[in-house]
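Residue strings, one per chain:
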Amino acid sequence: MHYTLIGTPVSLYTGKVRGYLRWKNVPFTERLSTREVYKADILPRVGWPVIPVVIHEDGSPHGKTLQDTSDIIDYVEAREPGPSIYPDTPRQRFAALVLELFGDEWLVIPAMHYRWAYNRAFAQQEFGATSHPHLAPEEQFAAAEKAVGFFSGSITGLGVNPDSIAAIETAYEDFLTVFEAHLGAHDCLFGSRPSIGDYGLLGPLYAHLLRDPKSGELMRRLAPRVAAWAERCHAPQHSLTGNFLAKDDIPPGVMELLHRFAAQHWPVLRDTAAALAAWAADKQAGTEVPRILGFHKARIGHGDSAVETDRAIIPFPLWMLQGVTDYRDSLTGAARLAVSELLRSMGAADLDAFTLPVRLERRHFKLALAAETAA
Ligand SMILES: N[C@@H](CCC(=O)N[C@@H](CS)C(=O)NCC(=O)O)C(=O)O
């Protein structure tokens, strides 16, 4: 029962899964996502060009294909023995899911900004070496022109533009300061064992913000413990070790990070949900949800330095938010109250009663309106 991870060292979401599989001590082979692998494996299996993809030799003729890091991790967690990266106490588990969402879908903003503003030539060479490993370096660089155009062009959709760059950099440095202080007392977010929240943060913080040379210099200078944490989570020396803090404790530094989620990311998610409701009003169950639902004004940045800017309305993170609210709704009694209290203290009291206007599901590796709630 073997796993194959298709991806590349330069990919944000591949790093998240690689670090997790290594910690989980699951045997896997990594296959580089070359142009041929996209044609022969990724497109036929997934239907659109995206990494990472995991194939599990589960005994079926073509193996089980998995895409989306959250689905990949959940699948492995459900099948493989050993300790879990999901805390089993309510506050820690809820906070870990929130921070996975925050890492995947909000810290992607600085990850993309710093890559394309300060590490463009490096990333282009890496893209070329991934897709055309057998070409000479100059040919690899030239061959990556189009992909670099696509990814670097997508940053305006994330809200990165000349008016927001200063705010994005200030917010990233603030994040580093908070996480650095936390890591003075703990190895990971919730103690000595990495959680799904750690892996959510690892995506942007490892492959882009540590591994890209200019960004790595910045991180090592401003937040050496964050750099050490990213290295530790990506290449753990001791797999399957560590514990979550007792008594469902949320350390003060994690609370600070949750405040950042509540102040920065949550309002954008709320607006996105309203846009999804309007879009879905006349749609049938099973309809594919477009990757972008138009543009809106979003506040990006930390505290007084935040700016309002144009940003694409990106519905995908709502699927992850649905995972957060589903977990909340699975709780009863004291556990449910503990999450309400956590939401109040982190400044997101209105997330306590929030439900998405429609249920979402993944269908053929894309986002779709779920059968049960659509019109
Ligand atoms: N939510 C997805 C995101 C995957 C993703 O965006 N991967 C990037 C590379 S790191 C990609 O292939 N993007 C192609 C695209 O967005 O069109 C996951 O967790 O797997």
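See the structure printed just above.
A look at the pairing of strand S6 (residues 307–312)
Stage number 1. Sheet topology places strand S5 (residues 295–300) next to S6; 6 bridges connect them, and they run antiparallel. By the bridge assignment, Arg299 is partnered in S6 with Glu308.
Stage number 2. Linking S5 to S6, which pair antiparallel, is a turn of 6 residues; within it Gly301 sits at a positive phi near 125°.

Notes on unusual backbone geometry
Stage number 1. In this structure, Pro52 follows Ile51 across a cis peptide bond, with omega equal to 5°.
Stage number 2. Of note, Pro52 is situated in the loop between helix H2 (35–46) and strand S3 (53–56).
Stage number 3. Look at Leu240: it is not a glycine, yet its phi comes out positive at around 60°.
Stage number 4. The residue Leu240 is located in the loop between helix H12 (224–234) and helix H13 (252–280) in this model.
Stage number 5. We classify Leu240 as partly exposed; its relative accessible area is 30%.
Stage number 6. Of note, the phi angle at His364 is positive, near 50°, even though the residue is not glycine.
Stage number 7. Along the chain, His364 turns up in the loop between strand S7 (360–363) and strand S8 (366–369).

Considerations on the site of the ligand
Stage number 1. Not every one of the 15 residues close to the ligand is listed here, only the nearest: Ile51, Gln67, Asp68, Thr69 and Arg291.
Stage number 2. Ile51 places a main-chain nitrogen or oxygen 2.7 Å from a nitrogen atom of the ligand.
Stage number 3. The separation between an oxygen atom of the ligand and a polar side-chain atom of Arg291 is 2.7 Å.
Stage number 4. Look at the ligand: alone it shows 500 Å² of surface, and the protein chains cover 85% of it.
Stage number 5. Sorting the residues of the shell around the ligand by element identifies helix H1 (12–24) and helix H8 (145–153) as the ones contributing at least two each.

Here's the deal with the environment of Tyr118
Stage number 1. Of note, Tyr118 is situated in helix H5 (residues 108–118).
Stage number 2. The class for Tyr118 is partly exposed, based on a relative accessible area of 41%.
Stage number 3. A distance of 2.5 Å separates the side chain of Tyr118 from the side chain of Glu169, its partner in a polar contact.

Section: H13
Stage number 1. Helix length check: H13, at 29 residues, gives a terminal C-alpha distance of 39 Å against a target of 42 Å (1.5 Å per residue), a fit within 8%.
Stage number 2. At His265, H13 shows its maximal bend, which comes to roughly 45°, and the proline Pro267 appears one to four places after that position.

Focus: the pattern of salt bridges
Stage number 1. Across all of its chains, the model carries 21 salt bridges by this definition.
Stage number 2. Across the pair Glu256 and Arg260 runs a salt bridge whose closest N-O atoms are separated by 3.0 Å. Here the residue Glu256 and the residue Arg260 both occupy positions in helix H13, the gap between them amounting to 4 residues, near one helical turn.
Stage number 3. For Glu256, a relative accessible area of 34% corresponds to the partly exposed category.
Stage number 4. Its salt-bridge partner being Arg359, residue Asp326 comes within 2.8 Å of it at the nearest N-O pair. Taken together, the residues Asp326 in helix H14 (residues 316–330) and Arg359 in the loop between helix H15 (333–346) and S7 connect sequence positions 33 residues apart.
Stage number 5. The partly exposed category is assigned to Arg359, whose relative accessible area is 26%.
Stage number 6. Linked by salt bridges that have partners in common, Lys16, Glu100 and Asp104 make up one network.

Considering the sheet that holds strand S1 (residues 3–7)
Stage number 1. Read across the open sheet, the 4 strands follow the order S2-S1-S3-S4; overall the sheet is mixed. Every other strand in the sheet has two partners, leaving strand S2 (28–32) and strand S4 (64–67) as the edge strands with one partner each. Geometrically, the sheet is characterised by an average inter-axis angle of 20° between neighbouring strands, direction not taken into account.
Stage number 2. Here S1 pairs with S2 via 5 bridges, running parallel. When the bridges of S2 are listed, Leu5 appears paired with Glu30.

Digging into the packing of H5 against helix H6 (residues 120–131)
Stage number 1. Two numbers describe how H5 lies on H6: the axes approach to 5 Å, and their chain directions differ by 100°. In this view, H5 runs roughly perpendicular relative to H6, as classed from their interaxial angle. Contacts between H5 and H6 involve Arg115, Trp116 and Tyr118 from the first element and Arg120, Ala123 and Phe127 from the second.
Stage number 2. The residue inventory of the contact of H5 with H6, partitioned by class, reads 4 nonpolar, no polar and 2 charged.

What counts and how
Residues numbered from 1 in each chain as written. Predicted model: local features only at pLDDT ≥ 70, side-chain atom pairs only at ≥ 80, totals over all residues. Heavy atoms only, no water. Pairing = 2+ DSSP bridges. Helix = DSSP H or I, 4+ residues; strand = E, 2+ residues; numbered from the N terminus. Buried < 20%, exposed > 50% of the residue type's maximum accessible area, 1.4 Å probe, protein only. Near = heavy atom within 4 Å. Polar contact = N/O pair within 3.5 Å; in protein donor to acceptor, adjacent residues only side chain to side chain. Areas by Shrake-Rupley, 256 points an atom, 1.4 Å probe, with all protein chains shown as cover. Expected span 1.5 Å × (residues − 1). Bend = angle between axes of the 7 residues up to and from the residue. Salt bridge = Lys/Arg side-chain N within 4 Å of Asp/Glu carboxyl O. Axes fitted to C-alpha atoms, helices over the stretch in contact; angles between N-to-C directions. Parallel < 35°, antiparallel > 145°, perpendicular 65-115°, else oblique. Contact = heavy atoms within 4.5 Å. Nonpolar A, V, L, I, M, F, W, Y, C, P; charged D, E, K, R; others polar.

Read these as spatial facts, not as claims about activity.
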